[in-house]
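Below are the chains, spelled out letter by letter.
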Amino acid sequence: MRLTVTGVVVRAARSARITTPQRVTSLSSRVFRTGCSIRTQSTQAAPQEFPHTRPHSRPAEGDLLKSQKSIQEEEPSRRAFQNRLKEEKANTVVQDGALSGANVSGTSYVFDSISNLSPSILNLTDRRLYDIPDHPICITRKLIESVFSAPFYTNHTVADPVSTTADNFDALGFPADHPGRSRTDTYYVDSKHVLRTHTSAHQAAAFSHMARTKSSGYTICADVYRRDSIDRSHFPVFHQMEGARIWHLNQPENRTRLQAMKMRKERLREDIASLEGHNLIVEDAPTFDKARNPFQIEHDEEEVRLVVQHLKRNFELLIHRIFTAATAAGVGDPSTKDEPLRVRWVEAYFPFTSPSFELEVLWQGEWLELVGSGVVQQPILSKAGMSRSIGWAWGVGIERLAMVLFGIPDIRLFWSQDPRFLSQFKRGTVTKYEPFSKFPACYKDVAFWVPATSPSAASPLNIPDGGNAGVAAAAGGDATKANPAEVQASAFHENDVMEVVRDVGGTLVEDVKLTDEFVHPKSGRKSLCYRINYRSLERTLTNDEVNALHGTVTERLVGELGVELR
Ligand code: PHE
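What you see is a predicted model; the values in this text were computed from it and never measured. (Residues numbered from 1 in each chain as written. Predicted model: local features only at pLDDT ≥ 70, side-chain atom pairs only at ≥ 80, totals over all residues. Heavy atoms only, no water.)

Colleague: An account of the overall build of the protein chain is needed here, citing residue identities and associated values.
Modeller: Tallying secondary structure elements over the protein chain gives 13 helices and 20 strands in all. Within the span of the protein chain, comprising 566 residues, buried residues form 58% of the whole. When the accessible surface of the protein chain is totalled, it reaches about 22300 Å², and 53% of it is carbon and sulfur. (Helix = DSSP H or I, 4+ residues; strand = E, 2+ residues; numbered from the N terminus. Buried < 20%, exposed > 50% of the residue type's maximum accessible area, 1.4 Å probe, protein only. Areas by Shrake-Rupley, 256 points an atom, 1.4 Å probe, with all protein chains shown as cover.)

Written out as C-alpha cells, the structure reads:
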C-alpha cells in the first residue's frame with residue numbers, strides 16, 4: 001500500500017514508484033516528498049527579507065509572517081542554560097549535566113524527553129543550497145520560479161528550519177495520531193518544535209500574508225527534514241518548493257454575491273486561457289469523486305473544475321519546461337528525445353487540500369511522482385482571513401526534479417563540496433552531470449536480535465502533543481533516544497538504525513538494505529541483517545576507515561537501540 005506524506009493510503013501500490021527523494025519503507029514512512037526568516041523576492045523586485053518569526057529573536061517588523069512559536073515557561077536553571085546556548089556555536093549539541101540543547105538559526109532550544117536531533121543533522125541546517133546561485137538546487141528553484149513568477153507570485157525562501165508542531169501539523173489538519181508526527185519519522189527539537197517536515201508548514205503564515213497584502217500567489221522554497229531509509233534517492237535533508245494561487249472575491253457594491261462569483265469564474269477562464277500551451281500527453285484524473293476525492297461543501301462545483309484545471313495546466317507547463325531543458329541538455333534516453341513526454345494525474349489525499357492530486361511523469365521507463373497538490377481546504381484560508389477566496393496549492397521535491405534535470409544519480413552529491421561536482425553547474429543553465437569517478441564500494445553486514453518490545457513502548461506513538469496515549473502504533477514503534485545526551489533502549493524502528501548509520505557514516509554511506517529477516521521459531525525473537533554500503537563520492541575509503549566506522553555503528557546500535565549482535 002502506498003502512503004502520501006500525510007500517511008493516508010490513497011490506492012494500492014503500483015509498486016516501487018518513487019516520488020520525490022524518499023520512498024515508502026514501512027507503514028510509518030511517507031512516499032511523497034515534495035516538504036524563520038523568510039526571504040521574499042519577486043522576479044522583478046530585488047530580494048526582500050521576510051521578518052524573523054521566532055519570538056525571542058528580532059521582533060516581526062511589518063508582521064509579515066507571524067509564528068505560532070510560544071515562549072515556554074522555564075525554570076531558572078533551564079533559563080540560564082537557554083541563555084548560555086545563545087553564546088554557543090550554532091548548530092552544535094551542548095550538554096550541561098542533565099540539560100542539553102542547541103542554538104539553531106539563532107534561537108536556543110533546551111532539549112526535552114521528545115528531542116531526537118542528531119549532531120549530523122544539525123550540521124546541515126545552515127547550508128542553504130537553494131541560495132547558492134551555481135548550485136543545481138538553486139538553478140532548479142529559479143527554473144520553477146520562472147514559471148511561477150511576478151506579477152501573480154512572490155517567491156520566498158525560509159532559512160530557519162525550525163517550525164512549531166502547530167504550524168507543521170495542527171494548522172494543516174493532521175490528526176493527532178498521524179504517523180508523520182511520530183519521532184521515528186520526524187526530528188523533534190523539543191516537544192513543541194520540529195525541523196519542518198515539509199514547506200506546507202509555512203502555509204498558514206503565507207496565506208495570512210497574502211490576506212494582508214491582497215496578493216494572489218506565492219512559492220516557498222526551503223530545506224525539509226525526515227528520518228528515513230538510506231539509498232541513492234533518500235537523504236534526511238532535502239528541499240521542497242510549495243506554490244499556491246488564490247482568487248479573491250471582488251464584490252463591488254452594486255453587485256450581488258452571485259454576480260461576483262460569476263465574475264470570478266470568468267477571471268479563472270481568462271487565466272486558464274492565458275497559460276502557455278505544451279505538447280505533453282496527459283492522462284487526466286477526474287476533477288473530483290464525491291466519495292474518494294470530494295470537492296468541499298463550501299465550493300461551487302463549476303468553480304472547482306476551473307481551479308483544478310488551472311492547477312493542472314500550470315503545473316504541466318512547469319514539467320514541460322523542466323523536461324525540455326533536460327532533454328536539450330542531453331539528459332535521458334536519446335532514442336526517445338523527440339517523443340512527447342507522457343504524464344498522468346492521479347487522485348491523492350492530503351489533509352489540507354480537497355480534491356487532491358499527484359502528477360506522475362514517465363521518465364526513462366519509470367513513472368516518477370513529482371507533485372502533490374489540490375484545492376486548499378477552506379478552513380485554512382478562512383483562518384488566514386480569506387474566507388471568500390478560493391485557490392490551489394502544490395508541493396514538489398526539488399532534488400527529484402534536479403536529479404532528472406541534470407542527470408545526477410545520487411542524492412548525496414547535492415551536499416558535496418568537491419569542486420569536481422560544483423564546477424559543473426552555472427546559474428541559468430542546465431548541463432548534464434558528468435561523473436568524475438566511481439570509487440569502490442565496501443559492504444559490511446550487521447546482524448542482530450531485535451529487543452523484545454514492552455507493551456507500553458509498542459502501542460502508543462510517543463508523540464509530544466498531549467493526549468496521544470493509546471493512539472495506534474502506525475509508526476511501528478518508538479524512537480530510540482530521548483535526547484542526544486540521554487541514551488535509552490526502547491521499541492525498535494528501522495528508521496532508528498538508519499539514523500545511527502547516518503550519524504556515524506554521514507555521506508560516506510551510499511545505502512543500507514535489509515538483507516535477511518526471520519523470527520526464531522522457539523523464542524519468537526526477531527533477527528535482522530542489514531548490509532551497509534560504504535562508498536565515498538569523492539575518494540577511495542581505506543579498509544581501516546570503514547572498519548572503524550562500522551565498529552562505531554555496531555557499538556551504537558547495541559548501546560542505543562538495545563539490539564543483541566548475532
Ligand atoms: N506538503 C505535501 C508533501 O510534502 C505536498 C503538498 C503541498 C500537497 C501542497 C498538497 C498541497 O507531500
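Colleague: Provide a residue-level description of the packing of aromatic side chains, including the pertinent values.
Modeller: Enumeration over the complete set of coordinates arrives at 20 aromatic pairs. A ring pair is formed by Phe169 and Phe174, whose centres lie 5.3 Å apart and whose planes are at 65 degrees; its orientation type is edge-to-face. Phe174 matches Phe169 in its accessibility class, with the two residues each being buried. Taken together, a centroid distance of 5.1 Å and an interplanar angle of 65 degrees make the contact between Phe315 and Trp394 edge-to-face. Here the residue Phe315 occupies a position in helix α7 (residues 301-328), and Trp394 occupies one in strand β16 (residues 390-397), the gap between them amounting to 79 residues. (Phe/Tyr/Trp six-rings, centres within 6.5 Å; stacked < 30°, edge-to-face > 60°.)

Colleague: Explain the pairing of strand β17 (residues 442-449) to me, using residue names and the numbers behind them.
Modeller: Taken residue by residue, a regular strand's side chains alternate between the two faces of the sheet. Taken together, the eight bridges between β17 and strand β19 (residues 526-534) define a ladder with antiparallel strand orientation. Note that in β19 the partner of Cys442 across the bridge is Tyr534. Sheet topology places β17 next to strand β20 (residues 564-565); two bridges connect them, and they run antiparallel. Bridging from a neighbouring strand, Phe448 pairs with Leu565 of β20. (Pairing = 2+ DSSP bridges.)

Colleague: Hey, could you go over the sheet that holds β20 for me, with residue numbers and the actual values?
Modeller: Strand order in the open sheet formed by four strands is β18-β19-β17-β20, with antiparallel pairing between adjacent strands. Since the sheet does not close on itself, it has two edges, and those belong to β18 (509-519) and β20, each with one partner. This element, helix α12 (residues 494-505), spans β17, β18 and β19 of the sheet and lies at about 145 degrees to β18. In the packing of helix α13 (residues 543-561) onto the sheet, the strands contacted are β17, β19 and β20, and the crossing angle to β17 comes to about 20 degrees. (Contact = heavy atoms within 4.5 Å. Axes fitted to C-alpha atoms, helices over the stretch in contact; angles between N-to-C directions.)

Note that all results are geometric; they support no functional claim without further evidence.
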